[in-house]
Structures are given as structure tokens and as C-alpha cells.
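Analysis of the macromolecular model
Here is what each chain is made of, one letter per residue.
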Amino acid sequence: MNFFNSLLEKIKNKKAKIGIIGLGYVGLPLAVCFAKNGFQVTGLDIDKNKVKAINRGENYLKEMGINEDFKKVVREGFLKASSEIVSGCKNQDVIIICVPTPVDKKHRPNINSLKKAAKSIGLSKPLGKLIVNESTVAPSTTASIVGSIIQKESRLRRGNDFFLGCSPERINPGDLKHRLENTPKVVAGLGKEDLALTKALYEMIIKALLVTVSSLEVAETVKLLENSYRAVNNALINELAKFCQKTGLDVLEIIEAAKSKWTFQAHYPGVGVGGHCIPVDPYYLLDMAKKEGVKMPMLEKALMENESMPEFVAGYVANNYQPGSKVLVYGLSYKPGVKDVRESPAVALCQILKKRKIKFEVYDPFYTLSEIRGFGLKPCRRLTRFDLLIVATDHQQLEKDAKQIIGPKTIIIDGRNFFKKKVGKMVVGVGRRL
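Calculation notes
Counting from 1, residues in each chain are numbered in the order their sequence is written. Per-residue local features are limited, in this predicted model, to residues with pLDDT of at least 70; the limit for side-chain atom pairs, both in listing and counting, is 80 or more; totals at the level of whole chains, interfaces and linings are taken over all residues. For the side-chain quantities, the full set of heavy atoms in the structure was used; hydrogens and water were omitted. For helices the rule is a DSSP run of H or I covering at least 4 residues; for strands it is a run of E covering at least 2, with both sets numbered from the N terminus onward. Note that the radius of gyration is over C-alpha atoms, with the globule rule given as 2.2 Å times the number of residues to the power 0.38. The buried label goes to any residue with under 20% of its type's maximum accessible area, the exposed label to any with over 50%, and the partly exposed label to all in between, with areas taken from a 1.4 Å probe on protein chains only. Contact between two residues is taken to exist if any of their heavy atoms lie within 4.5 Å; hydrogens are not considered. Surface accessibility follows the Shrake-Rupley procedure with a 1.4 Å probe radius. Residue values consider only the protein chains on display as shielding. The convention is simple: Lys and Arg are positive, Asp and Glu are negative, and His and the chain ends are not counted. For the purpose of locating charges, the reference atoms are NZ of Lys, CZ of Arg, CG of Asp and CD of Glu. Nonpolar core, defined: a set of buried Ala, Val, Leu, Ile, Met, Phe, Trp, Tyr and Cys residues in which side-chain atoms within 4.5 Å join the residues together. At least two DSSP bridges between two strands are needed for those strands to be called paired. Between N-to-C directions, angles span 0 to 180 degrees; the directions come from axes that are lines fitted to C-alpha atoms, helices contributing only their stretch in contact. Here the aromatic set is Phe, Tyr and Trp, taking the six-membered ring for Trp, and pairing holds for ring centres within 6.5 Å; pairs whose planes are under 30 degrees apart are stacked, those over 60 apart are edge-to-face, and all others are tilted. Only lysine NZ and arginine CZ atoms are considered, and such an atom sits over a ring when it is within 6 Å of the ring centre and within 35 degrees of the ring normal.

So, the overall build of the chain
The number of helices and strands found in the chain is 16 helices and 13 strands. Against the compact-globule benchmark of 22 Å for 434 residues, the chain has a radius of gyration of 24 Å, which places it among compact chains. Structurally, the chain occupies a C-alpha span of about 75 × 50 × 40 Å along its principal axes. The burial tally for the chain puts 53% of its 434 residues in the buried class. Considering only contacts in the chain between residues 6 or more positions apart, those separated by 24 or more positions represent 69%. As displayed, the chain has an accessible area near 20,500 Å², and 53% of this comes from carbon and sulfur atoms. In the chain, which carries 69 positive and 44 negative side-chain charges, the distance between the mean positions of the two groups comes to 4 Å.

Quick word on the nonpolar core
Within the largest apolar cluster, 47 residues are counted, with the highest numbers of intra-cluster contacts made by Phe34, Leu79, Ile96, Leu201 and Tyr202. Sorting elements by how many residues they give to this core places helix α2 (residues 27–36) first, with seven residues. Beyond its immediate sequence surroundings of up to four residues, phenylalanine 34 is in contact with Ile18, Ile20, Phe39, Val41, Ile96, Leu201, Tyr202 and Ile205. In this structure, Phe162, Ala231, Leu299 and Leu303 belong to the second largest nonpolar core, which totals 39 residues.

What to know about the sheet that holds strand β5 (residues 130–133)
On the basis of which strands lie adjacent, the open sheet formed by eight strands has the order β3-β2-β1-β4-β5-β6-β7-β8 and mixed pairing. In this open sheet, the two edge strands, each paired with only one partner strand, are β3 (79–82) and β8 (210–212). Neighbour-to-neighbour, the strand axes of this sheet turn through a mean angle of 25 degrees, independent of strand direction. Sheet topology places β5 next to strand β6 (residues 163–166); four bridges connect them, and they run parallel. Opposite valine 132, over in β6, you have glycine 165 as the bridge partner. Packed on one face of the sheet, helix α1 (residues 3–12) meets β4 (94–97), β5 and β6 and runs near 50 degrees to β6.

Some remarks on the packing of aromatic side chains
Working definition: an aromatic ring pair is given by the centre-to-centre distance plus the angle between the planes. Scanning all chains against the criterion turns up six aromatic pairs. Measuring from centroid to centroid gives 5.5 Å for tyrosine 330 and tyrosine 363, while their planes differ by 50 degrees, and the two rings are tilted. Of this pair, tyrosine 330 sits in strand β9 (residues 327–330) while tyrosine 363 is found in strand β10 (residues 361–363), placing the two residues 33 residues apart along the sequence. These aromatic residues form a ring-pair network of at least three members: Phe34, Phe39 and Tyr202. The positively charged end of lysine 261 is found above the aromatic ring belonging to tryptophan 262, 5.9 Å away from the centroid.

Digging into the sheet that holds strand β12 (residues 411–414)
Spatial ordering of the open sheet is given by β10-β9-β11-β12-β13, a layout of five strands whose pairing is parallel. Looking along the sheet, the strands with just one partner apiece sit at the ends: β10 and β13 (426–429). Taking the axes of each pair of neighbouring strands and ignoring which way they run, one obtains an average angle of 20 degrees across the sheet. Relative to β13, β12 runs parallel, the two sharing four bridges. Bridge assignment links isoleucine 412 to a residue of β13, and that residue is valine 427.

Following this line, the structure appears as C-alpha cells:
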């Protein structure tokens, strides 16, 4: 049977049923995007609360800008969810993997969720189906681990009985400008037919350029390069900020002037780098490089530099703290506009302050009092004037909240360089002072 022609026709006619494993910041927007373009989509996740929320029409990722589309596709029956992964995979023509691939406390890659997803797909016997990996992995993982597990569990042959593709996710939580549909997407396949199907699939939803590459390994490495590049440049700017602190220069003024040259891409210093990509993905590259006997000292040192920033900002706090002072840490999320603390430098900063015996309260407009307590931190019950304000996350709401928090004697430790003009007694930024 010619599985390729049959599946290609289904995709182009929007008759292909799509299953998406993992319904987080990557999987849910992707599911909504396919559904709003007329595909029948089943979201699959072991988190039963997420599944119930979706089937009730409740969007738990409102900051992703998908709310209206989400409500419509659930209401019209184009999107449903299930926690039964194996049986859920059986009824699909295309299965896309969007599970987390974090690192452990020793920065070692953890692909257990990916392996479990692959095993579930294999047990579903995906004869004639296309499986695409969007999760971030080291080169060769999609073929040698995902493909091998599916093959072992299903006893099917790759390239003959099922198709294998890779298209690393490029989701930027909270960014309403660079959305899934208008962001160029890299696609690859195990063979020519695998690539053709993967490309055809994403052509149905992506309005931007589709970048086809020669192998699954190239696609996997593209994602690692993108975020390793950002990690290295963030580290350089953090080093420059420390230099500016010593010399009395303003790091933001220097960056803004440097932006006038076309070869310069601006990065900004801060309390640290968080999220599911920049502080995580480079370790997948380093792990494989180590196995291959290749040294990457620049990348290693860059990651260490970025990870040192919460401690660096804590030093600012200690230098301006007086016992008995009212101290507020503003923000827990790793970036503004999202409710997400993955690898958050704000959380790391709070833990350092606790170790230094500095008493403080925490406020984040995205988190409830009980959620903040869940991090082992003391929540701020009411915004009032504080002696010391630590900006750990520059949520947009800070512009309004600052009027309640900052008095004429307030010292601001601005870990995000949020304030562009002097407020309170003084503003101590990262690489600048007002």
C-alpha cells in the first residue's frame, strides 16, 4: 500500500486527524492553530487537569494570545483532549510530540517524557502515520531514540511503515508579535517522503518561510544553535554590565548607540536568563559535544556567567539592605507578561536572599498569595511603600504599581533596568545607576 500518497492527500485536503502529545506552551498553541485551520485535533497529555480544562473550554494559557481561537475551535468540535495517550494516538494520521525536555540539577539532559511519548506512539502501531518531533533534543535523538523506540514497540519499519519528521518549536511565550503562524519554521525528514509530508503539514498553517534542511540532525542542531547564540551574547552583555558598574558608564546608553550599526544585535543585561530554552538547550549541545570529545569552553563559560547574575544582583541588595527595612521582590516569572517560573532567575534570587538572611516579601500580579507561599516565600498582601524594591521581573503592571510601592526614600535595585528615569532615593540597575 502506498502510505505516502494517501497521507499526503489527507493533509492537503485537511482530512488528516492530528494528535499532539504535550499541551503546554508549545503544544496547546499548535493544537489551536491546526484546529482553526480546519483539522480535527486531539490534544494528548498525562495532566488530567489540562485535559479537563480544554474539554470545558477553559484556556489556561491566556498570555499566549490564543483565547478567542481556542474557545471557537473547542466550541465547534475541532479540538478535544484526552489523557489516554496510547488509545488517543491510534485514531490519528499525524502525531506531533511537544513534550518538555529539561535538564536536571546537574544540567544533564532529561528526555524521559520524550521516551514515554515515543513508547506510547509505538504501542499504538502507527502504520502509515507521520510522527513529528518538535521537542528540543541533541542531534540524532529523533532518529536514534524516538524512531527506534517507536520501531521497537510497534515492530514497524521506519521509512516504510511510518514516517518521521522534525520541526523544532520556536514558541516565545507572551510574544504577540512573533506568533506561530508568522515565524519561519525549520522542517526535516528521515527521507524524501518523510520531508515532503512534514513540509506539506506545516504549509497548511505557517504563513512564513518554511526552511527545509537536509537531515533530522541538522534541524535538531539549528534549535541548539539559536539558543546557544543567545546565551553567549547575553553573557557578553552581562560582563559588560559589570564593567559599566565599575566605571560608572550606562550600559543601556552604550547598547542603544551600538544598535545603530547593522551588524549589532542588541541583548540586554539583567538578573539572569530563564525559561525553557536559553538556560536549558545549550546543555544538550554540551552534553553531546562531551560524548564526542569536543570542547566548547566559550559556551560553558557563557552559561556560568548567566547563572551568576542572581548572585550578582543579590550583592546589590546586600549593599543597600538595613536590618528592619521593608523589602519587596517584584516578580517571580522568568520574563514579563507570563505566568511561568521555569528556570526563573527571580526564584533563584529569592533563594539567595533567604540564605543571606535578608527578610523580604514577594509580589507577582500573575500569582496568588497561596501560589507564592507554595514556593516557600512570604507573599505581599498589600502593595504599600517599601524601603527597598527589587525588580526581579519587569511585568508591565509595574509601571502602575510603582506609584504605590516607591516613596522618596525608596532604594530600587532594578534587576531588569525597567526604570529609565530616577525614582525614589536612587535606582541601582544592572550596569547603570540613576
